[in-house]
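# A look at the structure
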Amino acid sequence: MVGKMTRAALLTRIGFKRDRFRLLIWVVVLAGLMSAVAVKFVDIYGTPQEINAIVGTLKSPAIVAMFGAFTFTGTVTTAEVFANEMLVFMALMQVIMNLALSVHATRDEEDRGLTELVRAHAVGPLAPLTAAINELTLVNFGLGILYAVGLDLASMPGATVSGNWLIGLGLAATGWLFGMLGLVTSQLADHAASATGMAYALFGLSYLVRMITDVQRPRLTWWSPLGWIEKLTPYQTPNWRPLLLMLLTGLVLAEVALLIAQRRDIGAGAIATRPGRRTASAWLRGPLSLLWRRQRTILLGWLVGVIVLGAAYGTVFNTIGDILKTNPTMQQVFGGAMVHAANHHLLVGFSSLLTVVLAAIAVIPGLQLVLKLYTDETSGWLESLYARPVSRTRLLLTYSGLGLLTSTTLFLGGWAGLVLTGNASLTHAKDGITAFEFWQGFWGQLPVIWLFVVLGILLVGWWPRGRVAVWLYLAYGFLSQYMGNLLHLPHWTKQLTPFGWIKSVPEHAVDWPTFTGLLALAAVLALLGWWRYTRRDLQLR
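This one's a predicted model, so the numbers in the text were calculated from it and none came from an experiment.

Rules and cut-offs
- Residues numbered from 1 in each chain as written.
- Predicted model: local features only at pLDDT ≥ 70, side-chain atom pairs only at ≥ 80, totals over all residues.
- Heavy atoms only, no water.
- Helix = DSSP H or I, 4+ residues; strand = E, 2+ residues; numbered from the N terminus.
- Rg over C-alpha atoms; globule rule 2.2 N^0.38 Å.
- Buried < 20%, exposed > 50% of the residue type's maximum accessible area, 1.4 Å probe, protein only.
- Areas by Shrake-Rupley, 256 points an atom, 1.4 Å probe, with all protein chains shown as cover.
- Lys, Arg positive; Asp, Glu negative; His and termini not counted.
- Charge placed at Lys NZ, Arg CZ, Asp CG, Glu CD.
- Expected span 1.5 Å × (residues − 1).
- Domains from an automatic or database assignment.
- Contact = heavy atoms within 4.5 Å.
- Buried area = accessible area lost by both parts, 1.4 Å probe.
- Salt bridge = Lys/Arg side-chain N within 4 Å of Asp/Glu carboxyl O.
- Polar contact = N/O pair within 3.5 Å; in protein donor to acceptor, adjacent residues only side chain to side chain.
- Nonpolar A, V, L, I, M, F, W, Y, C, P; charged D, E, K, R; others polar.
- 1 Å grid on protein atoms, 1.4 Å probe; cavity = no way out; pocket = protein on both sides within 12 Å on 5 of 7 lines; lining within 4 Å.
- Points joined across faces, edges and corners; volume = space filled by probe spheres on them.
- Axes fitted to C-alpha atoms, helices over the stretch in contact; angles between N-to-C directions.
- Parallel < 35°, antiparallel > 145°, perpendicular 65-115°, else oblique.
- Left-handed = near helix turned anticlockwise from the far one by under 90°.

This next bit is on the overall build of the protein. Each helix and strand in the protein was counted, giving 21 helices and 0 strands. For a compact globule of 541 residues, the expected C-alpha radius of gyration is about 24 Å, and the protein comes in at 24 Å, within 12% of that figure. Taking the principal axes of its C-alpha atoms as reference, the protein extends roughly 75 × 55 × 40 Å. Each of the 541 residues in the protein was classed as buried or not, and the buried ones make up 50%. A total of about 24,700 Å² of accessible surface is found on the protein, and carbon and sulfur atoms cover 67% of it. Across the protein, the mean location of the 40 positive side-chain charges is 9 Å away from that of the 26 negative side-chain charges.

What follows is the structure, given as structure tokens:
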């Protein structure tokens, strides 16, 4: 007799074999990053003088919005500075890994028909989902152990064994919780793209709540699951309650996923897709309209999400750019004009860092669209188009053109949401970002965004199986800019990606020769990708 979870253990082993390279990359990158940063902290923040120099920065609202609230009092240690800078950041990486793994192991397998093949054998109806739960649990627990061991070996001043293990297990529990969330959305949605979008929407909401409450009312950060990691205070007064809260919430989500899986048909989601029209719209006359029809909900979701993210960052403008709140005597000493100039300088510096954040986020959906050309090719979805008088050039232009337009629109929307909301929140309008600075920020990051999307075109033509390379390159470029100053990274390490080839905008004016050079490089790479794509063999299913 076949039980509901029959062969779950076997499917767990198969899952690890299926994802072995993906898991290896994630584990090596995340565990290596945690250990390497911990070792580097001993060098850059090893003395009281070095720690005192960074404490004021960590307490600033801009850094709090990025990395979480600074709550330490008394003598601050290297380990406490490390925890403040790295906990939220590593939690974000852990969540991204788990959402990707959870959707891939369930909804994506179902979309490709593999789950149906597995279920045709003596396999329990809940075995595939149970195997995914087992895989996520073991991966996160293993990473948690590697984190703790790496921190023990780093021997940071002020670190304790209990604090190291609390960090490791806390990050593991955070990732596992959101992995269970990904499994729930995979049961609700009827295809992988919708499941991923739904999961990231909830993840983004959690991040926004964490950011806003950290800056304005840290006590309310408890309302964000992503904020629970901050409450561990591992090297001050270790608090194990958030860890238990994460585990309980994850168990509830896992049970919800199992309950939904029992009540839905294989291949369908619990949330039914709205039926389409009986006859095709007049707009469905070519590849572009077909691609837009398939992706419009996801793209509109990305646009709304990025605008909301930018607006959320803008809400902290008045907290960041108000020196008089922290030092009321400044105006008496230096005069109002200088104080407002200083406020403006703070906001421009904060906005310059956020242009990198928004640009990196805007690249993601555009790059996904370009790489989707190869995914659709190998899935067999383009066979009916290839059989008709539609050239490969037209297909490539369709996917890459929509990808470039999507990334450009997302960046403009997020940047506009940031500046408009931020300026509106200011007590003194003169402190805000000017129209000239707004457009400098937009044009300054545009060639970087386009270059990353064009790298996708190059890979589709020359090395489509190496798609992970461009994602790693994007991640490195973002990390080198986002964490570079706090980690005192050498200048050359920031110059290895397009993010480091341009001046920080709008803090600096756009370097138009560099702008032109990057666009020319993007054009050359796009032509190389097009040339190879139109001549290589198609990978039809």
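Additional details are given in the paragraphs that follow.
We now examine helix 9 (residues 192–216). With 25 residues, helix 9 should reach 36 Å at 1.5 Å per residue; the first-to-last C-alpha distance of 36 Å fits that figure. If you check which residues of helix 9 are buried, you get A192, A195, A199, F203, S206, Y207, L208, R210, M211, T213, D214 and V215.

Turning our attention to the domain arrangement of the protein. By the assigned domains, the protein splits into domain 1 (15–271) and domain 2 (285–535). The distance between the C-alpha centroids of domain 1 and domain 2 comes to 25 Å. In this assembly, 21 residues from domain 1 lie in contact with 22 residues from domain 2. A buried area of about 2,100 Å², summed over both sides, lies between domain 1 and domain 2, and 82% of it is on carbon and sulfur atoms. Across the domain 1-domain 2 interface, the total number found is 0 salt bridges. Remark: the boundary between domain 1 and domain 2 carries 1 residue pair in polar contact (both at pLDDT 80 or more). Listing elements by their share of the side of domain 1 that touches domain 2, those giving two or more residues are helix 2 (20–44), helix 4 (61–67), helix 5 (78–111) and helix 9. The biggest single contributor to the side of domain 1 that touches domain 2 is helix 9, with 7 residues. In terms of residue class, the side of domain 1 that touches domain 2 is built from 18 nonpolar, 1 polar and 2 charged.

Moving on to the side chain of T355. You can see T355 is positioned in helix 15 (residues 336–379). Note on T355: relative accessible area 0%, which makes it buried. At a separation of 3.2 Å, a polar atom in the side chain of T355 contacts the main-chain carbonyl oxygen of V505. Residue contacts for T355: discarding those within four places in its chain leaves F411, W415, Q445, V505 and P506.

Here we come to unusual backbone geometry. Along the chain, V505 connects to P506 via a cis peptide bond; the corresponding omega equals 5 degrees. Relative to the elements of secondary structure, P506 occurs in the loop between helix 20 (491–494) and helix 21 (512–533). Unusually for a residue other than glycine, R7 sits at a positive phi of about 70 degrees. Within the element layout of this structure, R7 appears in the segment before helix 1 (8–18). A residue is classified by how much of its surface remains accessible, and R7, at 45% relative accessible area, is partly exposed. Unusually for a residue other than glycine, T233 sits at a positive phi of about 35 degrees. In this fold, T233 is placed in the loop between helix 9 and helix 10 (241–263). Classification of T233 as buried rests on a relative accessible area of 14%.

Moving on to helix 2. The first and last C-alpha atoms of helix 2 sit 35 Å apart over 25 residues, in line with the 36 Å expected at 1.5 Å per residue. Where helix 2 is concerned, the buried positions are L23, L30, A31, M34, V37, A38, F41 and I44. Its buried side turned inward, helix 2 meets helix 1, helix 3 (48–59), helix 5, helix 7 (127–154) and helix 8 (161–188).

For the structure on display, the rule yields 1 cavity of 30 Å³ or more. One number sums up the size of the largest cavity: a volume of about 70 Å³. What lines the largest cavity is simply G444, P447, I502, K503, V505, A509, V510, D511, T514 and F515. Of all the elements in the fold, those that place two or more residues in the lining of the largest cavity are helix 18 (435–462) and helix 21. Taken together, the residues of the lining of the largest cavity sort by class into 6 nonpolar, 2 polar and 2 charged.

Contact geometry for helix 5 and helix 9: axes closest at 9 Å, N-to-C directions at 160 degrees. Regarding the angle of helix 5 to helix 9, the classification is roughly antiparallel. The hand of the helix 5/helix 9 crossing is right-handed. In contact with V88, L92, V95, I96, L99, V103, R107, D108 and D111 of helix 5, helix 9 contributes A192, A195, T196, A199, Y200, F203, Y207 and R210. By residue class, the composition of the contact of helix 5 with helix 9 is 12 nonpolar, 1 polar and 4 charged.

The next subject is the packing of helix 11 (residues 287–314) against helix 17 (residues 392–425). The geometry of helix 11 relative to helix 17 is characterised by a closest axis approach of 8 Å and an angle of 20 degrees between their N-to-C directions. Here helix 11 is positioned roughly parallel relative to helix 17, judged by the angle of their axes. The handedness of the crossing between helix 11 and helix 17 is right-handed. When its residues are assigned to classes, the contact of helix 11 with helix 17 shows 16 nonpolar, 11 polar and 2 charged.

In this section: the pattern of salt bridges. Where charged atoms from two side chains of opposite charge come close, those side chains can pair. All chains considered together, the criterion is met by 13 salt bridges. Put simply, R18 and D19 hold a salt bridge, and the shortest N to O gap is 2.9 Å. Judged by its relative accessible area of 33%, R18 falls in the partly exposed class. Looking at D19, the relative accessible area reads 1%, which means it is buried. With its nearest N and O atoms 3.5 Å apart, the salt bridge here joins R107 to D111. One end of the pair, R107, and the other, D111, are both in helix 5, 4 residues apart, so they sit about a helical turn from each other.

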